Amino acid sequence: MERKVRVRFAPSPTGPLHMGGVRTALFNYLFAKKHGGDFLLRIEDTDQNRFVPGAEAYIIEALKWCGLVPDEGVGFGGDLGPYRQSERKPMYRKYADSLIENGSAYYAFDTAEELDQLRKEFEVRREVFSYDLHTRDGLKNSLTLSAKEVEEKLQSGQHYVIRFKMPVNRDIVEEDLIRGRVSFNTNQLDDKVLFKSDGMPTYHLANVVDDHLMNITHVIRGEEWLPSMPLHILLYESLGISENRPQFSHLPLILKPEGKGKLSKRDGDKMGFPVFPLLWKDPETGDISRGYREDGYFPEAFINMLALLGWSPGTEQEFFSMDELIEVFDLAHVVKSGARFDPAKAKWFNRHYLQQKTPAELAGLFFPFLNEKGISTDLDHLEQIVGMIQDRCEFVKDLWEQGHYFFLAPESYDEKIIQKKWKPDTNEKLQSIAELFETITEWNAEAIKESFSTFMTEKEWGFGVVMVPIRLALVGSSSGPDLFAIFEMIGKEETIGRIRKACLVIQ
Ligand code: GLU
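Only a predicted model underlies this, so the values are computations on that prediction, with no experimental measurement involved.

Q: Looking at this model, I keep getting lost on the overall build of the chain. Mind explaining?
A: Helices and strands together make up the secondary structure of the chain, namely 20 helices and 14 strands. Taking 2.2 N^0.38 as the reference for a compact globule, 507 residues should give roughly 23 Å; the C-alpha atoms of the chain span a radius of gyration of 33 Å, well beyond that estimate. Expressed along its principal axes, the backbone C-alpha trace of the chain runs to roughly 110 × 55 × 35 Å. A burial count over the chain gives 51% of its 507 residues as buried. Within the chain, contacts between residues separated by at least 24 positions form 71% of all contacts whose residues are at least 6 apart in sequence.

Below you can see the structure in the form of structure tokens.
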């Protein structure tokens, strides 16, 4: 019987989730859903030194905001928990012991100071120290000490670590589902620490044991973990659990907008775009990093943009809902080389999703924004306004930039336009138009336009002479949608009031 696809997103709670991390979660989610499988969230918090308060809650909230809701995991239940590694601590010991027993791992008693000293000595010789097959025989470990000495050290409670004994000169060859055949020679690899005497496993052991115990079928993770793959493969082998071990896929890096180097947090700060899904406040420094959510991106735009960072459908299609992504996603179309992040494209996607929304939906989103400014309006009226300016906006907040004059009279008037368009007789003309407006009883765009046109023909005034000054009086600048629609929305009294006020202010 075919195994049910099970994948996991396994972040370490060392800070806010970078957008690269969200993309990893997304690709795992899409793969799981495409194959009718499960998507798990496992928190890898074995390195307590790097634990950052609030990071786990942030990760969970970010996944929810993105619509990447796990089927199992921290905060989501499931039968194979706990899903937080620190709570699984007692489970790992026996795996470490079995590796010692079958000779795949050994105790090492070298102190941090001794290893530091060695590093320095190597540095002097312009070499890099590594605990590996070349050095292990000269160091303080259960390969070099007698069984009695080892026993004594263990009994006396001396600190130790358990290291993997990397086999000599073996080629580890694996078919990565994205990269194809990848091979490593074990002579290039060091003896990684798997377990510490405080009873905590390191990432490598915990990760492999948990993927096994949680029946993970596919590991889909960032490229930075590719060098760990041969060790993980050897761990499955040495633990005797290779049979059902997961298949590996390593996602390409996300590159800076200029196309070189990994996208970092600092790039966002420098160039003014978010790198994190949600705003993050550093608990220690209080520093704020902006988030896509708080910057006004729709989650569907963020997800659509992320999906195309390193994956392409093989067609020209660029807009995908989550369901469409699930339908067409496959690992074969994930590229090997880095994917360049383009902040302008992110905005472009947001613009698209904003245009997809109905004026009623957008009015609902804009309403609280106006409330905060102390402006009250009713939703029907707001919906009509939004419908008039929606196509000029990328973000909900742009509705204010594009439409503030619907709610507040301008406090100043664009000087350049005054210079160009406010002629000596403009005041007089506008006053008589205000008088005309007084006489209009049916205040809607069409009726106003009709009276206005008749009036203009009678007076033999060109539209061009008065339209820009009236717009200036109503809006404060020369921008905005159809002027007659603005008259209707703002209302008769307000329209006339603004025209008269402009005539007073602009002389
Ligand atoms: N805890 C690792 C991380 O923070 C997980 C890597 C993996 O998926 O194996 O990315």
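Q: Just checking my understanding: could you explain the pattern of salt bridges for this structure?
A: Close approach of charged atoms allows side chains with opposite charge to pair. Applying the stated criterion across every chain, the model contains 32 salt bridges. With a closest N to O distance of 2.9 Å, Asp 211 and Arg 8 form a salt bridge. Taken together, the positions of Asp 211 in helix H6 (residues 203–213) and Arg 8 in strand S1 (residues 6–9) put the pair 203 residues apart, joining distant regions of the chain. Both residues of the pair, Asp 211 and Arg 8, belong to the buried class. A salt bridge links Glu 44 to Arg 42; its shortest N-O distance comes to 2.8 Å. You can call Arg 42 buried: its relative accessible area is 0%.

Q: Which parts of the structure should I look at to understand the site of the ligand?
A: Around the ligand sit Arg 8, Ala 10, Pro 11, Ser 12, Glu 44, Tyr 203, Asn 207, Arg 221 and Trp 225, and that is every residue in its neighbourhood. Between the ligand and Ser 12 there is a distance of 3.1 Å, counted from a nitrogen atom to a side-chain nitrogen or oxygen. Within the side chain of Asn 207, one N or O atom sits 3.0 Å away from an oxygen atom of the ligand. Across the shell around the ligand, the residue classes break down as four nonpolar, two polar and three charged.

Q: Can you help me understand the environment of Met 19 in this one?
A: You can see Met 19 is positioned in helix H1 (residues 19–34). Overall, Met 19 belongs to the buried group, its relative accessible area being 0%. Each C-alpha atom of the pair Met 19 and Phe 276 lies 5.3 Å from the other, and the pair is 257 residues apart in sequence. With residues up to four places along the chain from it excluded, the contact list for Met 19 reads Ile 254, Leu 263, Pro 274, Val 275, Tyr 292, Phe 302, Met 305, Leu 306, Leu 309 and Phe 341.

Q: Would you mind going over the packing of aromatic side chains with me for this structure?
A: The full count for this structure, using the stated rule, is 32 aromatic pairs. Ring geometry for Phe 452 against Phe 463: centres 5.3 Å apart, planes inclined by 80°, an arrangement best described as edge-to-face. Of this pair, Phe 452 sits in helix H17 (residues 445–459) while Phe 463 sits in helix H18 (residues 463–475), and the two are eleven residues apart along the sequence. By relative accessible area, which is 34% here, Phe 463 ends up partly exposed. Put simply, the rings of Phe 437, Trp 443, Phe 452, Phe 463, Phe 484 and Phe 487 touch in pairs and so form one group of aromatic residues. Geometry around Tyr 131 places Arg 163 over its ring, the cationic atom sitting 3.8 Å from the centre. The side chain of Lys 397 reaches across the aromatic face of Phe 395, ending 4.3 Å from its centre.

Q: Whenever I open this one, the sheet that holds strand S8 (residues 193–196) confuses me. Can you help?
A: The strands making up a sheet associate through backbone hydrogen bonding, with each pair oriented either parallel or antiparallel. With respect to topology, three strands assemble into an open sheet ordered S4-S5-S8, the strand pairing being antiparallel. Strand pairing shows two members of the sheet lacking a second neighbour, strand S4 (105–108) and S8, which therefore form its edges. Adjacent strand axes in the sheet meet at a mean angle of 30° when their direction is disregarded. Where S4 meets strand S5 (residues 161–164), four bridges bridge the pair, whose relative direction is antiparallel. By the bridge assignment, Ala 105 is partnered in S5 with Phe 164.

Q: Quick question: what am I supposed to make of unusual backbone geometry here?
A: The general pattern is negative phi for most residues beyond glycine and trans for most peptide bonds. With omega at 0°, the peptide bond leading from Gly 81 into Pro 82 counts as cis. In this fold, Pro 82 is placed in the loop between strand S3 (72–73) and helix H3 (89–101). Backbone geometry places Asn 169, a non-glycine residue, at a positive phi of 50°. With respect to the element layout, Asn 169 can be found in the loop between S5 and strand S6 (171–176).

Q: Got a minute to help me understand the pairing of S1 in this structure?
A: Strand residues, when the strand is regular, have side chains that alternate between the two faces of the sheet. A two-sided burial pattern is seen for S1, the buried positions comprising Arg 6 and Arg 8 on one face and Val 7 and Phe 9 on the other. Taken together, S1, H1 and strand S2 (residues 38–41) constitute a β-α-β crossover, and its handedness is right-handed.

Q: How do you make sense of the environment of Lys 4 when you look at a structure like this?
A: With respect to the secondary-structure elements, Lys 4 resides in the segment before S1. Discounting residues that sit within four places of it in the chain, Lys 4 has contacts with Gly 36, Gly 37, Asp 38 and Thr 217. Here the side chain of Lys 4 touches Asp 38 through a polar contact of 3.1 Å, side chain to side chain.

Q: I'm lost on a positive patch on the surface in this one. Help?
A: Residues Lys 416, Lys 420, Lys 421 and Lys 423 make up a contiguous surface patch of positive charge. Secondary-structure assignment places Lys 423 in the loop between helix H15 (415–421) and helix H16 (426–439).

Q: What's the story with helix H19 (residues 483–490) in this structure? I'm lost.
A: Along an α-helix, residues three or four positions apart point the same way, because every turn accommodates 3.6 residues. The buried fraction of H19 amounts to seven of the eight residues, a majority that puts the element mostly inside the structure. Along H19, the positions that sit buried rather than exposed are Leu 483, Phe 484, Ala 485, Ile 486, Phe 487, Met 489 and Ile 490. The secondary structure elements touched by the buried residues of H19 are helix H13 (379–389), H16, H17, H18 and helix H20 (492–505).

Q: Which parts of the structure should I look at to understand H13?
A: Residues Leu 382, Ile 385, Val 386, Met 388 and Ile 389 constitute the buried set of H13. In an axial view of H13, the angular spread of the buried residues amounts to 155°, which keeps them on one side of the axis. Those residues of H13 that are buried lie in contact with helix H12 (359–372), helix H14 (398–403) and H19. Structurally, the start of H13 carries an N-cap: the backbone nitrogen of Asp 380 is 3.2 Å from a side-chain oxygen of Asp 378.

The rules behind these values
- Residues numbered from 1 in each chain as written.
- Predicted model: local features only at pLDDT ≥ 70, side-chain atom pairs only at ≥ 80, totals over all residues.
- Heavy atoms only, no water.
- Helix = DSSP H or I, 4+ residues; strand = E, 2+ residues; numbered from the N terminus.
- Rg over C-alpha atoms; globule rule 2.2 N^0.38 Å.
- Buried < 20%, exposed > 50% of the residue type's maximum accessible area, 1.4 Å probe, protein only.
- Contact = heavy atoms within 4.5 Å.
- Salt bridge = Lys/Arg side-chain N within 4 Å of Asp/Glu carboxyl O.
- Near = heavy atom within 4 Å.
- Polar contact = N/O pair within 3.5 Å; in protein donor to acceptor, adjacent residues only side chain to side chain.
- Nonpolar A, V, L, I, M, F, W, Y, C, P; charged D, E, K, R; others polar.
- Phe/Tyr/Trp six-rings, centres within 6.5 Å; stacked < 30°, edge-to-face > 60°.
- Lys NZ or Arg CZ within 6 Å of the ring centre and 35° of its normal.
- Pairing = 2+ DSSP bridges.
- Axes fitted to C-alpha atoms, helices over the stretch in contact; angles between N-to-C directions.
- Right-handed = clockwise from strand over helix to strand, strands pointing away.
- Patch = residues over 30% accessible without salt bridge, like charges linked within 9 Å, V, L, I, M, F, W, Y side chains within 5 Å.
- Areas by Shrake-Rupley, 256 points an atom, 1.4 Å probe, with all protein chains shown as cover.
- Lys, Arg positive; Asp, Glu negative; His and termini not counted.
- Charge placed at Lys NZ, Arg CZ, Asp CG, Glu CD.
- Arc of directions from axis to C-beta.

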